[in-house]
Amino acid sequence: RFGPSTLLVTGTAAVQVVLGNLEMDLGAPERALIAFQTYLRSGGPLEPEALHGKVRALHALGRRPEERATIRSYLERYPQGFQALALKHRLTELE
């Protein structure tokens, strides 16, 4: 059941995705990765966006094995997701 406290927690968690995107824009993939991972630990409706953000941060950090695993996770959970086609292409490049 959703109430005001649920909306507050969900909104607070969503800030992590926004923060992660801002950190990426500022060229700080380490901090972005932390923000995306923080959101993913709690889960929520922005999980596809957080997973994609995590992929971008890992790519920027050169952490290819983790990038590959995160892409696979995204594609397993969201095969028709907004970023699925681009991530399939990226996965092909990594393999």
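Structural data are supplied above this passage.
The sections below set out a description of the structure shown in this document. From a predicted model like this one, the values you see are computed outputs, not experimental measurements.

1. What to know about helix H2 (residues 29-42)
Here is step 1 of the chain: Under the 1.5 Å per step criterion, the end-to-end length of H2 is 20 Å for 14 residues, consistent within 8% with the ideal 20 Å.
Here is step 2 of the chain: Restricting attention to buried positions, one finds in H2 the residues Pro-29, Ala-32, Leu-33, Ala-35, Phe-36, Tyr-39 and Leu-40. In a view along the axis of H2, the buried residues occupy a sector of 165°, so they form one face of it. Of the exposed residues in H2, those oriented more than 90 degrees away from the buried face are Ile-34, Arg-41 and Ser-42.

2. Describing the side chain of His-52
Here is step 1 of the chain: If you trace the backbone, His-52 turns up in helix H3 (residues 47-61).
Here is step 2 of the chain: Classification of His-52 by relative accessible area gives buried; the value is 18%.

3. Digging into the packing of H2 against H3
Here is step 1 of the chain: The geometry of H2 relative to H3 is characterised by a closest axis approach of 9 Å and an angle of 150° between their N-to-C directions. What the angle tells us is that H2 and H3 run roughly antiparallel. Between H2 and H3 lies a crossing of left-handed hand. Residues Pro-29, Glu-30, Ala-32, Leu-33, Phe-36, Gln-37, Tyr-39 and Leu-40 of H2 form the contact with H3, whose own contacting residues are Glu-47, Ala-50, Leu-51, Gly-53, Lys-54, Ala-57, Leu-58, Ala-60 and Leu-61.

Definitions and cut-offs
- Residues numbered from 1 in each chain as written.
- Predicted model: local features only at pLDDT ≥ 70, side-chain atom pairs only at ≥ 80, totals over all residues.
- Heavy atoms only, no water.
- Helix = DSSP H or I, 4+ residues; strand = E, 2+ residues; numbered from the N terminus.
- Expected span 1.5 Å × (residues − 1).
- Buried < 20%, exposed > 50% of the residue type's maximum accessible area, 1.4 Å probe, protein only.
- Arc of directions from axis to C-beta.
- Axes fitted to C-alpha atoms, helices over the stretch in contact; angles between N-to-C directions.
- Parallel < 35°, antiparallel > 145°, perpendicular 65-115°, else oblique.
- Left-handed = near helix turned anticlockwise from the far one by under 90°.
- Contact = heavy atoms within 4.5 Å.

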